[in-house]
Amino acid sequence: MSDTVVIEAQGLAKQYGQHVAVDGVDLRVRAGEVIGLLGPNGAGKTTTILMLLGLTEPTRGSVRILGKDPLREPLELKCDVGYLPDAVGFYETMTGRENLAYMARLAAIPRSAVEERINSALSAVHLLDVADRLTATYSRGMRQRLGIAELLMRQCRIAILDEPTSGLDPQSTQELLDLIQKLSRSGMTILLSSHMLDVVQTICHRIALFNNGRIGFFGTIEELAAEIGGGTYVIDVEADGVDLSTLATAVDGVKSVKPVNGHWQCEAVRDVRPQLAQRIVAAGGALRNLDLRRARLDEAYGRYFGRITNDST
Ligand SMILES: Nc1ncnc2c1ncn2[C@@H]1O[C@H](COP(=O)(O)OP(=O)(O)OP(=O)(O)O)[C@@H](O)[C@H]1O
């Protein structure tokens, strides 16, 4: 990942009549980052994406993609930025390969390079075998992969993906996630809007939490966990003969302890397993298990939006 900022939005806002859809979004994304755009329905994610793509005009604020204004310099950005909507549209009466060839013409890819680029993109998304079938016969997962093939063929530097895994079965989801990670490793910057928190946790470096048209939080999942008062580390403890609710809170670094499904769940700012084990044994308890894991996005997300709801009531 480099320090070069490739996506920059400042004070971005969009109003539809009296309705404020986006209300002052600031965003700075570095080259090679995978950013998850999250938030409840209607929070403003898609409208923000449309403004970043230059497909809708902001009411206020500015956007720079690779240093250019997408609304005023769309042709300069056409090759560099790819968009994968949740339902990718293809010409059903054309094969996968013909669809890509058509898009290659639109993207003005040099004729001499087209065949090699199409084959290499189809191979990367594992569609070479079915490339000569009509896309009308493709499953949803295959269509999404063909959409990724288009981004690869065009050699986009930035990809914006809107709910790419919605409606996919677990295996197709995994295949698509592997592909997205491959794109990221190849240096592509990716913005991904999704309600699937496990997907976002798996592949995103940072997350932007949208709420009421604004980004309320932008950072890593660990930073989110810390901001909402929890710990970056979660330690699941199984121990008999001790009350961990008092014992564990005395350990330096522990932020909270609660009973969950027959065991104790401790949140801490660092790995405090040795200190916890020591205390349990010293108190005469029988330690059966200590499991360390990173903070989970679904937990942090639930708590973040729970707090917002509580604050507003
Ligand atoms: N063309 C439009 N005309 C009027 N209102 C709109 C238009 N597009 C979006 N909105 C409104 O703007 C708000 C933000 O919508 P947006 O689609 O950006 O949210 P979102 O976060 O992408 O939601 P979802 O998770 O459901 O996709 C919503 O209240 C929506 O109804």
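Residues numbered from 1 in each chain as written. Predicted model: local features only at pLDDT ≥ 70, side-chain atom pairs only at ≥ 80, totals over all residues.

(A) Seen up close, the overall build of the protein chain. Scanning the protein chain for helices and strands turns up 11 helices and 13 strands. When the backbone C-alpha atoms are referred to their principal axes, the protein chain occupies close to 75 × 50 × 35 Å. For the protein chain, the proportion of its 313 residues judged to be buried stands at 39%. Taking the intrachain contacts of the protein chain between residues at least 6 apart in sequence as the baseline, contacts between residues at least 24 apart amount to 69%. (Helix = DSSP H or I, 4+ residues; strand = E, 2+ residues; numbered from the N terminus. Buried ≥ 20, exposed ≤ 12 C-beta atoms within 10 Å, placed from the backbone. Contact = placed C-beta atoms within 7 Å.)

(B) Representation of the site of the ligand. Y16, H19, A21, G39, N41, G42, A43, G44, K45, T46, T47 and F210 make up every residue found near the ligand. Within the shell around the ligand, the residues separate by chemical class into 4 nonpolar, 7 polar and 1 charged. (Near = placed C-beta within 6 Å. Nonpolar A, V, L, I, M, F, W, Y, C, P; charged D, E, K, R; others polar.)

(C) How the structure looks around unusual backbone geometry. Look at E163: it is not a glycine, yet its phi comes out positive at around 45°. Structurally, the position occupied by E163 is in the loop between β6 (158-162) and α6 (170-185). E163 sits in the buried class, given 20 other C-beta atoms within 10 Å. Its identity is not glycine, yet N212 carries a phi of approximately 50°, on the positive side.

(D) Structural detail: the nonpolar core. Counting 86 residues, the largest nonpolar core has A149, I158, A159, I190, L192 and C266 as the members making the most contacts within it. With 6 residues, the top contributor of residues to this core is helix α5 (residues 140-153). Among the domains, domain 1 (5-224) and domain 2 (231-294) are the pair contributing at least three residues each to this core. Setting aside residues no more than four positions away along its own chain, C266 makes contact with I235, V237, A248, V254, V257 and L276. (Core = buried A, V, L, I, M, F, W, Y, C linked by C-beta atoms within 7 Å. Domains from an automatic or database assignment.)

(E) Representation of the pairing of β6. The buried fraction of β6 is high, at 5 of 5 residues. Side chains of β6 alternate between two faces, with I158, I160 and D162 and A159 and L161 buried alike. Across 4 bridges, strand β5 (residues 81-84) lies against β6 in parallel orientation. In the strand pairing of β6, L84 is matched with L161. (Pairing = 2+ DSSP bridges.)

(F) Representation of the domain arrangement of the protein chain within the structure. One can read the domain layout of the protein chain as domain 1 (5-224) and domain 2 (231-294). Distance between the C-alpha centres of domain 1 and domain 2: 41 Å.

(G) Region of interest: the sheet that holds β6. The 6 strands lie next to each other as β5-β6-β7-β3-β8-β9, forming an open sheet whose pairing is mixed. Of all strands in the sheet, those with a lone pairing partner are β5 and β9 (214-219), marking the two edges. Strand-to-strand twist in this sheet, taken as the mean axis angle between neighbours without regard to direction, amounts to 15°. Strands β3 (34-38), β6, β7 (189-193) and β8 (206-211) of the sheet are contacted by helix α1 (residues 45-52), whose axis makes an angle of about 150° with β6. Contacting β5 and β6, α5 crosses the sheet at an angle of about 175° to β5. (Axes fitted to C-alpha atoms, helices over the stretch in contact; angles between N-to-C directions.)

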